[in-house]
Amino acid sequence: MKLSLLNSNLKGDFDLIEQELEIAIHSKTKMLNDATVQLLKAGGKRIRPVFVLLSAKFGTYDIHTVKNVAVALELIHMASLVHDDVIDDAKLRRGITTINYQWNDKIAMYAGDYILARSLEYMTKIKQPIAHQILSNAIIEVCIGEVEQIKDKYRFDQTLRDYLRRIKRKTALLIAVSCELGAVAAEVDVQMQRQLYKFGYFIGMSYQITDDILDFTGSEKDLGKPAGEDLRQGNITLPALYAMKNPKLKTLISTINEDTSKKQMDSIIAQIKSSGAIEQSHAISSRYLKKALSILDEFPANRARKTLREIANFIGKRKY
Amino acid sequence: MAVCDYVEQMNAIKELLNKKSYNSYFQKVIGSPQIDEDRLLMMSISLQDTNLTIPEQNIYITSAMLVQLALNTHERVADPDAVRQERQLAVLAGDYYSGMYYHLLAYLENTELITSLATAIKVVNEHNISLFQNTVHTFEEFLNEFKEVEIAVIEQFCLHFQATKYISFFNEFLFLKKMIKEYEGFQAGKSVLFFERLKEHYFQEGTNVPISNLSKDDSEKLSQLSYNYVEESINRLNNMIEDLPVLPPMLQMRIQEVLSRIHGLTRLSVEEG
């Protein structure tokens, strides 16, 4: 997400978050510092802090309070990426060597745990107990989602419901609580906190479905990995689920395993793309986006609402 | 507190801990987490002088034990004998236990203890990387970090409840417990951290020689050097026991077991060295 998308009046606050992230991950231990700085410099869309700050704009906005939530949420996301790379044995993340690949799994585990600890240190500067109940529930759900993802690998008989529940935990939940916690920290009224949660949830669902579509339609350069890699690794996403409604394609897709060659994968991806599955997936993504936008209509008309709408539209159209 | 009361409390905490850490898939692939009962006992003793009720103590101890389980489970990720799925599940189980400690304390509305335990996690992981990186200058500096990894969670827990009188004693006890594993590894010819660093710091030459290939003389020398550290720790532990209030018989029994085990291992090491 480009910062140019955002109101210029928030630019200073986003710069502050970026500086605070650098402070948060700093360690006197050189190797740890090298690893976490590398991760930070690799960038990322920072969508969680964006949602925290924009949601807080609907209440009593104090950047010195809200920044703690924004930093904590981004750090939790970063820690989960580091540990995910260990799980997936990944070599690259955003085109940069992963910590597990550059050092080893042990260092990646220590770095991930360190980042999570720093996240909780920031988060506990927020004193409302409900904020911690919301976030801790989300962390546990995300974890369960990851377990389900491993259990569901190469399970070709899974349903649309399995997929939607999985992406809710994997992505949508943390975006939803980013919105909700921004609102909690800014003492937005409870009804609107719930609405912001729903907005984040719908956006998160749409975002992940788009991500899953891009795995089939994106270029290796943009994705930082070969197209169809998720499917080759056994992650059955929405386009594959729709494609499998065709019995012939289901038989073909069900043969995929870790050893499936690039040539075979390219052929399968081409057939999925021509099956109409991509269009059907886009329709579902758009449906979630529409729900998110309709929630925005209920919010007071201000610059934060306008920016949230721009972000929602950006997510719907993004190509990488 | 009488022995039977400690047993009862520990059983209650173990039950709660098992409940909070349970996940059927973790259970199936990596089994139940190993609960260190000594740590549980130490935390229970620490809270005896506080005004907390037993149910409150149990839930606070459970939260700190979940942190320790998370750290220990993440150590299993690099287990060379584990298959890929076991390593993957070790990552997630550790994360799940961390999340569960946060969850427990969030609902108890104790944000200060969440911070204290997060600080312990931070300290342990910084020291772990530093130990791995091997940048400390003296063996004493190494030893401090080596011990800090063991004590950090209990230390932060005790500091939070202002129950500090046992911290130094627990520090020595946990060091000796850790040394049992180090000796067992050393005697099996494995590359264990304490002996590796001891070898590097004291041997001018041949530091690249694996522990399993050390000469009889060098191995004996390493055993003797390590014993000096163990002996100093035992002396400190005994002096502290004299200064502390009478320890619960359950802990006294465990101290005797640990000392007897470490004496047996050090004797074996020196004899076999």
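The name that an unreviewed UniProt entry assigns to chain B is Heptaprenyl diphosphate synthase subunit 1, with the source organism given as Lederbergia lenta.

Going by what an unreviewed UniProt entry lists, chain A is known as Heptaprenyl diphosphate synthase component 2 and is assigned to Lederbergia lenta. You can read under Subunit (unreviewed entry) in the UniProt record for chain A the words "Heterodimer of component I and II." Recorded in UniProt under Sequence similarities (unreviewed entry), the annotation for chain A is "Belongs to the FPP/GGPP synthase family."

With that settled, the discussion passes to the overall build of chain B. Secondary structure summary: chain B contains eleven helices and zero strands in total. Going from the N terminus to the C terminus, chain B shows its helices and strands as α-α-α-α-α-α-α-α-α-α-α. The C-alpha radius of gyration of chain B comes to 19 Å, within 12% of the 19 Å expected for a compact globule of 273 residues. Expressed as a percentage of its 273 residues, the buried residues of chain B come to 56%. Carbon and sulfur atoms provide 47% of the accessible area of chain B, an area that totals close to 12,000 Å².

What chain A contains, in helices and strands, is 16 helices and two strands. Radius of gyration (C-alpha) of chain A: 20 Å, near the 20 Å computed for a compact globule of 320 residues. Counting only C-alpha atoms, chain A reaches 55 × 50 × 35 Å along its principal axes. Burial analysis of chain A (320 residues in total) assigns 59% to the buried set. Partitioning the contacts of chain A with sequence separation of at least 6, the portion at a separation of at least 24 is 74%.

Moving on, we get to the packing of aromatic side chains. For the structure on display, the rule yields 26 aromatic pairs over all chains. Pairing Tyr183 of chain B with Phe195 of chain B gives two aromatic rings, centres 5.2 Å apart and planes at 75°, and the pair type is edge-to-face. Linking Tyr183 of chain B in helix H8 (residues 167–187) with Phe195 of chain B in helix H9 (residues 193–202), this pair joins segments that are twelve residues apart in sequence. Using a relative accessible area of 0% as the deciding quantity, one classes Phe195 of chain B as buried. Ring pairs connect the aromatic residues Phe139, Phe142, Phe146, Phe175, Tyr183, Phe186, Phe194, Phe195, Tyr202 and Tyr229 of chain B, which therefore count as one cluster. Residue placement shows Lys125 of chain A over the ring face of Tyr122 of chain A; its charged tip is 4.2 Å from the ring centre. Above the face of the Phe175 of chain B ring, Lys147 of chain B is positioned so that its terminal group lies 4.9 Å from the ring centre.

Moving on, we get to the domain arrangement of chain B. All names here are of chain B. Domain annotation for chain B reports domain 1 (1–164) and domain 2 (166–272). Placing the centre of domain 1 and that of domain 2 at their C-alpha centroids yields a distance of 23 Å. Together, the buried faces of domain 1 and domain 2 total about 2,700 Å²; carbon and sulfur atoms form 74% of this surface. When the buried area of domain 1 at its contact with domain 2 is split by residue, Phe139, Phe146 and Lys147 rank highest and sum to 25% of it. Our enumeration of links across domain 1 and domain 2 arrives at five salt bridges. Between Lys178 and Glu150 there is a salt bridge, with its nearest N and O atoms 4.0 Å apart. Looking at the side of domain 1 that touches domain 2, the elements with two or more residues in it are helix H1 (3–21), helix H3 (37–46), helix H6 (111–133) and helix H7 (139–160). Per-element accounting of the side of domain 1 that touches domain 2 gives the leading share, twelve residues, to H7.

Let us look at the packing of H3 of chain B against H8 of chain B. All names here are of chain B. Contact geometry of H3 with H8 gives a least axis separation of 12 Å together with a crossing angle of 175°. Comparing their axes, H8 and H3 come out roughly antiparallel. Residues Asp38, Arg39, Met42 and Ser46 of H3 form the contact with H8, whose own contacting residues are Phe170, Phe173, Leu174 and Lys177. Grouping the constituent residues of the contact of H3 with H8 by class yields four nonpolar, one polar and three charged.

Turning our eyes to something else, we now look at the interface of chain B and chain A. Of the residues lining the interface, 40 residues belong to chain B; the matching set on chain A comes to 44 residues. Between chain B and chain A lies a buried interface of about 3,900 Å² when both sides are counted; carbon and sulfur atoms form 68% of it. For chain B, the biggest contributors to the area lost against chain A are Tyr102, Glu126 and Ile129 of chain B; these three give 17% of the whole. Viewed at the interface, chain A and chain B are joined by four salt bridges. Residue Glu258 of chain A pairs with Arg84 of chain B through a salt bridge whose shortest N-O separation is 3.2 Å. Between chain B and chain A we count 15 residue pairs in polar contact (both at pLDDT 80 or more) in total. Looking at the side of chain B that touches chain A, the elements with two or more residues in it are helix H2 (24–30), helix H4 (54–75), helix H5 (84–107) and H6 of chain B. Top contributing element to the side of chain B that touches chain A by residue count: H5 of chain B, with 17 residues. A per-class count over the side of chain B that touches chain A returns 19 nonpolar, 13 polar and eight charged.

Mapping Gln193 of chain A onto the fold places it in helix H9 (residues 190–217). Residues in contact with Gln193 of chain A, not counting those within four places in the same chain, are Glu180, Ala183, Val184 and Val188 of chain A.

All right, on to the side chain of Asn125 of chain B then. Examined against the element boundaries, Asn125 of chain B turns out to sit in helix H6. Take Asn125 of chain B: its relative accessible area is 1%, and that puts it in the buried class. Apart from residues lying up to four places away in sequence, Asn125 of chain B is in contact with Tyr110, Asp113 and Tyr114 of chain A together with Leu71 of chain B.

Here the focus is a negative patch on the surface. All names here are of chain B. Negative charge collects at one region of the surface, where Glu140, Glu141, Glu231 and Glu232 lie side by side. Of all the secondary structure elements, the ones that give two or more residues to the negative patch are H7 and helix H10 (216–243). Note on placement: Glu141 falls in helix H7.

Here we take up the environment of Ala186 of chain A. Residues and elements named next belong to chain A. Mapping Ala186 onto the fold places it in the loop between helix H8 (160–185) and H9. Along the backbone, Ala186 and Thr260 are 74 residues apart, and their C-alpha atoms lie at a distance of 50 Å. Ignoring anything within four residues of it in the chain, the contact list for Ala186 reads Ala56, Gly59 and Thr60.

Another aspect to go through is the nonpolar core. Judged by nonpolar contacts, the single largest core of 211 residues is most densely connected at Phe51 of chain A together with Tyr101, Phe169 and Phe194 of chain B. Considering every element that reaches this core, the biggest residue donor is helix H4 (residues 63–88) of chain A, with 14 residues. Structurally, this core is a two-domain feature, drawing no fewer than three residues from each of domain 1 (1–164) and domain 2 (166–272) of chain B. Phe169 of chain B has contacts with Leu237, Met240, Ile241, Leu244, Leu247, Leu251 and Ile255 of chain B, leaving out every residue within four places of it along the chain.

What counts and what doesn't
Residues numbered from 1 in each chain as written. Chains lettered and ligands numbered in written order. Predicted model: local features only at pLDDT ≥ 70, side-chain atom pairs only at ≥ 80, totals over all residues. Heavy atoms only, no water. UniProt positions renumbered as here; feature names shortened; annotations may be inferred. Helix = DSSP H or I, 4+ residues; strand = E, 2+ residues; numbered from the N terminus. Rg over C-alpha atoms; globule rule 2.2 N^0.38 Å. Buried < 20%, exposed > 50% of the residue type's maximum accessible area, 1.4 Å probe, protein only. Areas by Shrake-Rupley, 256 points an atom, 1.4 Å probe, with all protein chains shown as cover. Contact = heavy atoms within 4.5 Å. Phe/Tyr/Trp six-rings, centres within 6.5 Å; stacked < 30°, edge-to-face > 60°. Lys NZ or Arg CZ within 6 Å of the ring centre and 35° of its normal. Domains from an automatic or database assignment. Buried area = accessible area lost by both parts, 1.4 Å probe. Salt bridge = Lys/Arg side-chain N within 4 Å of Asp/Glu carboxyl O. Axes fitted to C-alpha atoms, helices over the stretch in contact; angles between N-to-C directions. Parallel < 35°, antiparallel > 145°, perpendicular 65-115°, else oblique. Nonpolar A, V, L, I, M, F, W, Y, C, P; charged D, E, K, R; others polar. Polar contact = N/O pair within 3.5 Å; in protein donor to acceptor, adjacent residues only side chain to side chain. Patch = residues over 30% accessible without salt bridge, like charges linked within 9 Å, V, L, I, M, F, W, Y side chains within 5 Å. Lys, Arg positive; Asp, Glu negative; His and termini not counted. Charge placed at Lys NZ, Arg CZ, Asp CG, Glu CD. Core = buried A, V, L, I, M, F, W, Y, C linked by side-chain atoms within 4.5 Å.

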